[in-house]
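Each chain is listed here by its residues.
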Amino acid sequence: MSKIEFISPEGLRVDGRRPQEVRKINYRLNLFSRADGSAYYEQGNTRVLAAVYGPRQVTRRGASKHDRAIINCEYSMATFSTGERRKSAKRDRRSTEISVVIRQTFESVILTHLYPRTQIDIFMQVLQADGGTRCACINAASLALIDAGIPMRDFVVSCAAGMIDGVALTDLNYIEDSAGGPDLPLAILPKQNKICLLQMDSKLTIEQYEEVMQMAVEGCKQIHAVLDAKLKDVTDQLVNKRKTLL
Amino acid sequence: MNNKKEDQVKKVKAFSKLNKKGNVVRVIREHYLRDDIWCKSLACNICRHEDAVLEAPEIVTKMSKTALKKQKKKAPEMPEVSDYIPQYIIPSVDVSMKYLDILEECQKKNIIFCETVSEEANQTQHSQKRKYQRIRNLINNQERCSILFANEHSVETYTDRLESESQKQRNDRAVVIVSEWYSKHLNNSIPIILLSDTPVTVDPNNNITVMSMVEFVQGNTKLMDMLANVVDSTSEVNLFEEHLPLDVMESGISKGTLHRAKIKMSRKEDATVRVDGEEYIVEPNRAVHDDVVCVQILPKEQWRVPNSKRVSTGFVVPTAVVVGVIQRNWRDYVCSILESNDSSSNVMCVPLDYRIPKIRIRTNNKQALENMRIVVRISSWERGSNYPTGFYVKTIGPIGDLNVETQSLLLENQIHITPFSKAALDQLPSKDWKPDPRYRKDLRTSHMVSSIDPIGCEDIDDALSVRHLPNDCVEIGVHIADVTAFVPHDSPLDIEARNKSTTIYLIDRRIDMLPSLLSANLCSLHQNRDRYAMSVIWKFNNKHQVIDTWFGRTVIRNRYALHYDQAQSIIDGISIPKVDPIPERNWSEAQIAPDDFSQLKKNLTTLQKLGQLLHRARQDNGAVDLESLDQVTFSLDDKKEPTKISTKVDGLIHHTVAEWMIYANAAVAKKIHDHNQSSALLRIHPQPKSENFSSLLKVASVRDYAINVRDNNTLAKSLDGAVDRSDPYVNMLLRSLATRAMEEAQYVSSGSLTGSEALRHYGLALQHYTHFTSPIRRYADIIVHRQLLNCLQNENHASRELFNNQQLQKIASAINDRKRAADRAQQESTEWFRAIYFRNKSQVVDGIVFGVKSTSISVFLPQYYIKGQIYLTTREGQLIIPIKERNRFELPENIPSAGVIDYHEEKQRVGISIKGSLFKITVFDHVQVQVKISESKAHLPQVSLELTTFKTSTKPSAGASGGCQTIVFARLRGDHKGQIQRWTESKMK
């Protein structure tokens, strides 16, 4: 029955971060041989897996579009991903909603007109959930798409921000998420500064909203810097490999 | 904002925990280590902290020895200035938990609390939770120069638990690591003291001394006493049931088998708790008044009869049993020592408050504490002890001394009077401050402003002005002292005023919220002085409707500072009565220039007429005019002994001024609420619950008055109709009972309540109300002034408010608490002076019964406005026979008497039969009451009432010394200058 102090007077959160700091990020590309692109992505204790298949032939003839690729997204949480085992409700409300939302995000970013009459499947599986799963999934999907070599307008990065006890925090973990304050997942195209996805729970005043939004954008930029840095290394390695093969 | 991944190391904290439902869950959390946890020492130049707190050494003597000698020769009186080397104190986990009191009391500076310690304090043990708050308070106290060092998150001091050690040993080792780090970090320049009772080994190369608590308190007798008390006492006999551990209680509460409640002790009756609206009696089981306890409700078969009612009714009532204490709400208690003959160091203290049990303390100098009021704190209550154990904090002074008793009752109400700090006083302007009329509307010559206050008032915070305009229009202005111009938001002066929240008016002294330079001089609207004001100016048309309202900052000159009688006499056109000037205040009446007299008369008459129209409008809306019948004034002699008690007589003029203040408050409330719905500071008066009215309805039904309590309108109209032509007291007392049924009015932040009805003021029948007219003596008014200014400066767009809803609600609750404490202190001060008055002047006066219970009656004495209970039986159930009947029936004093009481609740009547004669006492009967003082050393003296005879009459006795001169109706608002407004309605000889 203790009231948790979400941010101590010294400016430290429950896990020791400062309000504007994002959790530790780690990722690996190309785990699966069968998928065209795959990524394993960790953000703090949240771990997700994304796999991309495509562009490939449309499985349902009726759904194919003559001038562009269709995108299918599936988000699901493993039954062991939360503290207590959950019934694997693949079709439950929340998962469907997140799937739809992520699909809309990527539809606007992927250059679908280059692959008419095909489909691109993005599968995301949350292996361990500790707050910010949909943002982690978007980041993982971005990386998987890059690994698959599918052209996009820009990298999509996503980060959530919120406000607890009047302080704006970036990248909420599960405890902070459950505090009942507002939660604002945001996905942007960092180079173009455009918003792909913006959702919000709970209530905020206009001034607070500006502050939290700013935090989310900064968080996205931080994540982008991290992902980008490692990507360059990966790409260098790939180029070098090609050179030696040649 | 760098994401320093290379420096940040991530750890994982994994442990099992009991969650709310009572299940065991495994918790995995991330734990980041940082490299930017600074040492916060002023002596360090490596760390990049901005707000260092721990002191640095001050090397003062830079001069050589010869230079020093020269200086000493020149000025031998100068004291030796020596170097100051601070010591940093790091308490271990055990010491912090067990001896937190000593750390708080020792007044030592530079204490470093490790995060390890504060995490322990934050665990959910019931008494531990408050420890965390106390540690926070110590850290926040700037004079202690103490910090919380986040060692668990610093990459340099974090340590994992080794295989061989327990969690506790690991915590102890973590604290040792902190001390070693500090020493090395500061290059051994500052001595570090590690406080630990368990033996610890430290690297001797560092400047670290390990001290046990005994060594730490050496030399300070008070601390040594405190240390002796913390030792756990073991006893063979267990007198009480064991308390359940917290987790069992919590799981019981969530299951519904146990309940949490606040325990309420009573002087003469059983302790009670309230669960789901039902009241249960309990055996306290070591709970102290106001503690939050966990109770189990007993089944019906085990219910018992309350101790107090054993004789009369003998019925069982719902009973429960205390199984544990969830939160202790112990505070400082004022006590006195029972004289004891034995010379042991154990002493029993009797608290001033009847509801607190005796406390056992250990002290070595008992002689010095006898016959003194002392402050004691409880530290624990073991199962084997009948009484709690505590320790002595400080002495206030000898019992019976006026200053000591006043301080005692302030302390009991947790009102701490401290002089204004230097930082606050530094903010005051100089005495020769002159107003600057720029950015303000200058009304000094254009408006005739005058103020109306009680005689001898020094802090004038409101003044009125009237201007007659063409077309029968009239412009009325209410000008309030502009305190916010002198007190900037969040300045030291502002924060001290916020902590005080209100000026406290005791009978013999006044404790000011603001320094007297402001409250009695520069802010106060003295006669013929130019002063800053916040004004509300209305234009009324010839049909008495408002056509314009203006709010803003002004400069005014109060032309005439009148007192109430003077103002009324001017209106009535009679010659001004001479009032005895009060010698100690050098006060004399305002002299009115003959040219101004007719203007003043016209203005005041307009104010009164319009004021009456406003009042009528509110009455049509359902305003309730209530009574409380307890405001008296004391005349004190040079020794501050009361020589006279007078019940005040008020006139129509009080009513007028009050009405305009209400109107101004309401106008400001509407303005700030319209601008800012989420965090405007308003004053609400919720509708009373229907069960509050039970005693009023019971009493009223005896005389067949129908009181309709559906809403304020019906209540007001039915009270107006409940009149007994032969006895005006009946209506007064009914109004008084209605007043008791009222809910408390309180301050609230508008965003924290939902629903349009929630912000209403029931008593005044207004949609929105706030306090605006007394910023000198109420902090809430200062906040409202600032909110009004914010609204005026940002008319067209929402701006950042000074407080958001959450913060304002916290402040409003704090102000409500302080006001309650101040009201209680004022009441207790009145009781005390009243008792002292009757010390040598015991007398018999007329009284009226306004409540009848099975073993007691409630009486009201009109001559002195005293309300009290007279018990008809002793605690054991023996009938108390008044002196006249004793003489008549020749019953000896000390032998228990035979008599029967027959209580009729519906008819509010007791019938008493002694030796065949029958006496009846019904509500509204007049009785003869002996008023005297009941002395007690350990407790404050109180007025005690006794019947002189069982014979009653239905009309007030003409000849008895209790014949009253005037009957007054009072309106309960308690807002205008902290007094109750009255007007004379009928006189009775």
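Residues numbered from 1 in each chain as written. Chains lettered and ligands numbered in written order. Predicted model: local features only at pLDDT ≥ 70, side-chain atom pairs only at ≥ 80, totals over all residues. Heavy atoms only, no water.

A. Spatial organisation of the overall build of chain B. On a plain count of helices and strands, chain B comes out with 23 helices and 39 strands. Every one of the 989 residues in chain B was classed for burial, and the buried ones make up 50%. In chain B, 66% of the contacts between residues at least 6 apart in sequence involve partners at least 24 apart. As displayed, chain B has an accessible area near 47,800 Å², and 48% of this comes from carbon and sulfur atoms. (Helix = DSSP H or I, 4+ residues; strand = E, 2+ residues; numbered from the N terminus. Buried < 20%, exposed > 50% of the residue type's maximum accessible area, 1.4 Å probe, protein only. Contact = heavy atoms within 4.5 Å. Areas by Shrake-Rupley, 256 points an atom, 1.4 Å probe, with all protein chains shown as cover.)

B. Geometry of the nonpolar core. All names here are of chain B. Among the nonpolar cores identified, the biggest contains 132 residues, and Phe113, Tyr182, Leu715, Leu734, Ile857, Ile914 and Leu945 are the most heavily contacted of them. Setting aside its immediate chain neighbours within four residues, Ile857 contacts Val849, Gly851, Val852, Gly868, Gln869, Ile870, Leu872, Val910, Ile921 and Leu947. Val483, Leu517, Val555 and Ile815 belong to the second largest nonpolar core, which has 82 residues in total. (Core = buried A, V, L, I, M, F, W, Y, C linked by side-chain atoms within 4.5 Å.)

C. Highlighting helix H17 (residues 652-675) of chain B. Between the first and last C-alpha of H17(B) there are 35 Å, a value that for 24 residues agrees with the 34 Å anticipated at 1.5 Å per step. Burial of H17(B) is extensive: 18 of the 24 residues sit out of reach of the surface. (Expected span 1.5 Å × (residues − 1).)

D. Quick peek at the pattern of salt bridges. One pass over the full model with this rule turns up 60 salt bridges over all chains. Note that B:Arg136 is salt-bridged to A:Glu10, the shortest N-O span being 3.2 Å. You can see B:Arg136 sitting in helix H5 (residues 126-140) and its partner A:Glu10 sitting in the segment before strand E1 (25-29), one on each of two chains. Judged by relative accessible area, B:Arg136 falls into the buried class, the value being 7%. Residue classification places A:Glu10 among the partly exposed residues on the basis of a relative accessible area of 23%. Linking B:Asp530 and B:Arg444 is a salt bridge whose minimum nitrogen-to-oxygen distance equals 2.8 Å. In this pair, B:Asp530 sits in strand E24 (residues 530-540) while B:Arg444 sits in the loop between strand E18 (441-442) and strand E19 (449-453), placing the two residues 86 residues apart along the sequence. In terms of burial, B:Asp530 and B:Arg444 fall into one category: buried. (Salt bridge = Lys/Arg side-chain N within 4 Å of Asp/Glu carboxyl O.)

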